[in-house]
Amino acid sequence: MKFGVVVFPGSNCDQDVIYVLEHILGQEVVRLWHKDHDLQGADFIILPGGFSFGDYLRSGAIARFSPIMQEVVRFANNGGYLMGICNGFQILAEANLVPGALLHNENRKFICRNSYLKVATTNSMLTRLANPDKLLKIPVAHGEGQYFAHEDTIKMLNDTDSVLFRYCDANGDMSTESNLNGSIGNIAGVCNAGRNVFGLMPHPERAADPILDNQDGLIIFESILGMVNA
């Protein structure tokens with residue numbers, strides 16, 4: 001499988017994603033510079049985390065207009081697989097490729113810590129191999145991660161099984177205290193109606209190497225490969 005990782009000015013998690021894909025999972029990866037117009041035949045595109053264009057205006061607001069995004073949007077609209085992690089999720093929301101928006105964290109502070117996640121559905125390319133009874137411990141690092149959408153959009157996401165992950169505590173309880181950024185419904189990740197575009201705030205690439213003593217994020221990448229190779 002061939003992955004394309006988009007690199008914007010300010011991306012800082014691109015190499016982490018590339019390392020996991022190339023060195024841990026043995027996949028082919030191409031780097032896609034934000035000024036490019038060629039996806040180089042990639043089967044799956046990833047928008048990595050970071051601070052694209054310094055997070056000026058709003059996180060992801062400028063990156064959404066990078067030349068490569070014309071091709072990314074066309075790719076996704078034609079059914080191509082696309083995942084945005086953290087800043088990549090913000091870019092997806094700005095480009096209207098996933099519903100909702102990412103607002104400043106409720107406490108107005110940058111949050112960098114491990115988060116506990118419940119797998120909200122196994123009916124997605126990212127979660128098909130996950131055990132819904134097992135919590136995932138995956139790091140977050142963001143200042144604008146509070147997921148927001150209007151009531152009818154939240155209903156649609158719930159009705160169509162389009163919420164991927166929800167924040168919880170180490171016991172699996174979802175509460176105000178375990179909702180680290182104030183996201184509606186503790187939502188940590190969603191997919192689009194076509195189930196080919198995925199956005200999540202936690203960083204699975206930072207929990208995929210045994211040297212870190214945490215490989216909970218690896219199941220997301222393994223699910224991607226499992227779906228494509230099935």
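Above this text you will find the structure in question.
Residues numbered from 1 in each chain as written. Predicted model: local features only at pLDDT ≥ 70, side-chain atom pairs only at ≥ 80, totals over all residues. Heavy atoms only, no water.

A. Representation of the environment of lysine 155 within the structure. Inspection of the secondary structure assignment puts lysine 155 in helix H4 (residues 151–159). Accessibility expressed as a relative area gives 53% for lysine 155, which makes it exposed. For the pair lysine 155 and arginine 113, spaced 42 residues apart in the sequence, the C-alpha separation amounts to 29 Å. Polar contacts involving the side chain of lysine 155 include one to the side chain of aspartate 159, which spans 2.6 Å. (Helix = DSSP H or I, 4+ residues; strand = E, 2+ residues; numbered from the N terminus. Buried < 20%, exposed > 50% of the residue type's maximum accessible area, 1.4 Å probe, protein only. Polar contact = N/O pair within 3.5 Å; in protein donor to acceptor, adjacent residues only side chain to side chain.)

B. Structural context of the packing of aromatic side chains. If you walk through the whole model with that rule in mind, you get four aromatic pairs. Relative to phenylalanine 44, the ring of phenylalanine 3 lies with its centre 5.5 Å away and its plane at 50°, an arrangement referred to as tilted. In this pair, phenylalanine 3 sits in strand S1 (residues 2–7) while phenylalanine 44 sits in strand S3 (residues 44–47), placing the two residues 41 residues apart along the sequence. The exposure class of phenylalanine 3 is buried, given its relative accessible area of 1%. Judged by centre distance (6.2 Å) and plane angle (20°), the ring pair of phenylalanine 44 and tyrosine 81 falls under stacked. Here phenylalanine 44 is found in strand S3, whereas its partner tyrosine 81 is found in strand S4 (residues 81–85), with 37 residues between them in sequence. We note arginine 64 situated over the ring of phenylalanine 65; from NZ or CZ to the ring centre the distance is 4.8 Å. (Phe/Tyr/Trp six-rings, centres within 6.5 Å; stacked < 30°, edge-to-face > 60°. Lys NZ or Arg CZ within 6 Å of the ring centre and 35° of its normal.)

C. Representation of the pairing of strand S7 (residues 136–142) within the structure. Counting buried positions along S7 gives six out of seven residues, so the element sits mostly inside the fold. Examined bridge by bridge, strand S6 (residues 111–119) and S7 share seven bridges and lie antiparallel to one another. By the bridge assignment, cysteine 112 is partnered in S7 with alanine 141. (Pairing = 2+ DSSP bridges.)

D. Spatial organisation of unusual backbone geometry. For arginine 108, which is not a glycine, the phi torsion comes out positive at approximately 60°. Here arginine 108 is to be found in the loop between strand S5 (101–103) and S6. In this structure arginine 108 comes out as exposed when scored by relative accessible area, which is 62%. The phi dihedral of aspartate 161 is positive, around 60°, even though this residue is not glycine. Within the element layout of this structure, aspartate 161 appears in the loop between H4 and strand S9 (163–168).

E. Here's a closer look at the nonpolar core. The biggest cluster of nonpolar side chains holds 70 residues, and the ones touching the most others in it are Ile45 and Met83. Leave out the neighbours within four places in its chain, and isoleucine 45 touches Gly4, Val6, Leu32, Leu39, Val72, Phe75, Tyr81, Leu82 and Met83. (Core = buried A, V, L, I, M, F, W, Y, C linked by side-chain atoms within 4.5 Å. Contact = heavy atoms within 4.5 Å.)

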